Amino acid sequence: RPRVLSGIQPTAGSFHLGNYLGAVRQWVALQESHDAFYMVVDLHAITVPQDPAELRRNTRIAAAQLLAAGLDPERCTLFVQSHVPEHAQLGWVMNCLTGFGEASRMTQFKDKAAKQGADRASVGLFTYPILQVADILLYQAHQVPVGEDQRQHIELTRDLAERFNGRYGDTFTIPAPYILKETAKIYDLQDPSIKMSKSASTPKGLINLLDEPKATAKKVKSAVTDTDTVIRYDTENKPGVSNLLTIHSSLTGTSIPELEREYEGKMYGALKTDLAEVMVEFVTPFRDRTQEYLDDPETLDSILAKGAEKARAVAAETLATTYDRLGLLPAK
Ligand code: AQP
């Protein structure tokens, strides 16, 4: 079976709708057909300051949400990045292979550093895409299911894998991004020109899956649309309405043309009211299931321990081959 690898940060506590529709939902589907490795990327989280107790708590919350979303530890390998030390080890190797200018071209760093103030951004934030390269290459992943914002990082991964293979002999599988066009980018409900994001969105534009369902319904109902009245999918002229149609379609499985027909002659209010209901129906059981996993931290930790053991077996083998190819003297 082809292999997939992906990760999600445990920084915000709750996943937002963009994380879920852009990435996590694909993870659940791919565990059926692929040898799937999914992780909570706590080492990425510390590229910005974290409160230690919060980070620990949020790491469990992230894992609980992944299980609540439908990841099955019998069918995929679910683990915490820092439980597999090979990530940091291969990360260093990849740092040494990356050009400074090449790393400087990563747009996500530029955006995030600009937000923090260039002097305050850590070197870790700068090199985080390179750690991500190591995350992917360690598992010899064929595909990486992510949102559109990660495309550039997968390109970097491909470049570095090819560079290493060219210099030291075939070592790494060249991965491809797995990005679903429909949900590659979910937009902010208040500003449909920017992606929904935990750091850039205003609270009203961000749907956190663990929020009170009532609050979520309210946010959907007050989503920004346009001054026109027609419900039509047109990302250029009607980004707000198109975003709502995308969300509706992906949560209900009703195609967008079908939705357009259903809402012909109806007002925006009707679409928003229905979508609010769809959202509530989705988040209510999701929150309950997440809480159930959190109420039993021993089971949760043991799932993560088993996942880390399975992940290490693969990661250790790749790292050993890499060290050998590089000419690092093995310890006797
Ligand atoms: N708006 C989005 N639409 C589609 N996919 C998205 N992803 C994030 N936002 C959207 C995808 O979610 C996965 C996990 O993301 P992450 O843990 O790396 O978090 P992030 O990218 O840091 O999430 P944010 O909210 O975008 O954080 P900030 O604001 O800090 O940049 C990834 O596959 C991502 O593509």
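Residues numbered from 1 in each chain as written. Predicted model: local features only at pLDDT ≥ 70, side-chain atom pairs only at ≥ 80, totals over all residues. Heavy atoms only, no water.

As annotated in an unreviewed UniProt entry, the chain carries the name Tryptophan--tRNA ligase and comes from Streptomyces sirii. UniProt, in the comment section headed Subunit (unreviewed entry), describes the chain in these words: "Homodimer." Here the chain is described in UniProt, under the heading Catalytic activity (unreviewed entry), as follows: "tRNA(Trp) + L-tryptophan + ATP = L-tryptophyl-tRNA(Trp) + AMP + diphosphate + H(+)". (UniProt positions renumbered as here; feature names shortened; annotations may be inferred.)

One pass over the structure, following the stated rule, counts 9 aromatic pairs. Their ring planes at 25° and their centres at 6.0 Å tell us that F282 and F286 sit as a pair that is stacked. Placement of the pair is F282 and F286 together in helix α12 (residues 268–294), with a separation of 4 residues, close to one helical turn. (Phe/Tyr/Trp six-rings, centres within 6.5 Å; stacked < 30°, edge-to-face > 60°. Helix = DSSP H or I, 4+ residues; strand = E, 2+ residues; numbered from the N terminus.)

What follows deals with the pattern of salt bridges. Under the criterion given, the structure shown has 14 salt bridges. R75 is the salt-bridge partner of D72, the closest N and O atoms lying 3.0 Å from each other. Taking relative accessible area as the criterion, R75 reaches 38% and is therefore assigned partly exposed. Here R232 and D234 are joined by a salt bridge, their closest N and O atoms 3.0 Å apart. Under the relative-accessibility criterion, D234 is labelled buried at 14%. Linked by salt bridges that have partners in common, E32, D72 and R75 make up one network. (Salt bridge = Lys/Arg side-chain N within 4 Å of Asp/Glu carboxyl O. Buried < 20%, exposed > 50% of the residue type's maximum accessible area, 1.4 Å probe, protein only.)

This part covers the site of the ligand. The environment of the ligand is made up of 21 residues, and the closest members are H16, D149, K195, S197 and S199. Within the contact set of the ligand, an oxygen atom lies 2.7 Å away from a side-chain nitrogen or oxygen of H16. Taking N19, its side chain carries an N or O atom lying 3.1 Å from an oxygen atom of the ligand. When the residues that make up the shell around the ligand are grouped by side-chain class, the tally is 6 nonpolar, 10 polar and 5 charged. (Near = heavy atom within 4 Å. Polar contact = N/O pair within 3.5 Å; in protein donor to acceptor, adjacent residues only side chain to side chain. Nonpolar A, V, L, I, M, F, W, Y, C, P; charged D, E, K, R; others polar.)

Now for a negative patch on the surface. A grouping of E258, E262, D274, E277 and E281 is seen on the molecular surface, where their side chains present a negatively charged patch. Of all the secondary-structure elements, those providing two or more residues to the negative patch are α11 (256–262) and α12. In terms of residue count, the dominant contributor to the negative patch is α12 (3 residues). Relative to the helices and strands, E258 is located in helix α11. On the basis of relative accessible area, E258 is assigned to the partly exposed category, the value being 39%. (Patch = residues over 30% accessible without salt bridge, like charges linked within 9 Å, V, L, I, M, F, W, Y side chains within 5 Å. Areas by Shrake-Rupley, 256 points an atom, 1.4 Å probe, with all protein chains shown as cover. Lys, Arg positive; Asp, Glu negative; His and termini not counted. Charge placed at Lys NZ, Arg CZ, Asp CG, Glu CD.)

Y38 and L66 are the most contacted members of the largest nonpolar core, which totals 53 residues. Here this core takes 9 residues from α12, the largest share from any one element. Leaving out residues up to four positions away in the same chain, Y38 has contacts with V4, S6, Q26, W27, L30, Q31, L71, C76, T77, L78, F79 and P145. (Core = buried A, V, L, I, M, F, W, Y, C linked by side-chain atoms within 4.5 Å. Contact = heavy atoms within 4.5 Å.)

Attention now moves to the packing of helix α4 (residues 86–97) against helix α8 (residues 151–168). Taken N-terminus to C-terminus, the directions of α4 and α8 make an angle of 85°; their axes are 11 Å apart at the nearest point. Here α8 runs roughly perpendicular to α4, going by the angle between their axes. Along the contact surface, α4 presents V93, M94 and L97, while α8 presents L160, R163, F164, R167 and Y168. (Axes fitted to C-alpha atoms, helices over the stretch in contact; angles between N-to-C directions. Parallel < 35°, antiparallel > 145°, perpendicular 65-115°, else oblique.)

Turning to the pairing of strand β3 (residues 76–80), a few remarks are in order. By the criterion of burial, β3 is predominantly enclosed, with 5 of the 5 residues buried. Neither face of β3 is exposed, since C76, L78 and V80 on one face and T77 and F79 on the opposite face are all buried. As defined by bridge partners, strand β2 (residues 35–40) adjoins β3 across 5 bridges and the pair is classed as parallel. In the strand pairing of β3, M39 is matched with F79. (Pairing = 2+ DSSP bridges.)

Moving on, we come to the pairing of β2. Within β2, 5 of the 6 residues are buried, leaving the element largely enclosed by the surrounding structure. Note: strand β1 (residues 3–8) against β2, 6 bridges, orientation parallel. The partner of I8 across the bridge, within β2, is V40. Handedness of the crossover joining β1 and β2 through helix α1 (residues 17–30) is recorded here as right-handed. (Right-handed = clockwise from strand over helix to strand, strands pointing away.)

Look at helix α9 (residues 213–221) against α12: their axes get within 9 Å of each other, and the N-to-C directions meet at 155°. It follows that α9 is roughly antiparallel to α12 by the angle criterion. You can see that α9 and α12 cross each other, and the crossing is right-handed. Of the residues in α12, those touching α9 at P213, T216, A217, V220 and K221 are K272, T273, L275, A276, M279, V280, V283, T284 and R287. Considered class by class, the residues forming the contact of α9 with α12 number 8 nonpolar, 3 polar and 3 charged. (Left-handed = near helix turned anticlockwise from the far one by under 90°.)

Quick look at helix α6 (residues 107–116) now. When we look at burial in α6, the residues that qualify are Q108, F109 and A113. Seen along its axis, α6 keeps its buried residues to an arc of 120°; they face one direction. The exposed set on the far side of α6, more than 90 degrees from its buried face, consists of A114 and K115. At the C-terminal side of α6, G117 shows a positive phi close to 95°. (Arc of directions from axis to C-beta.)

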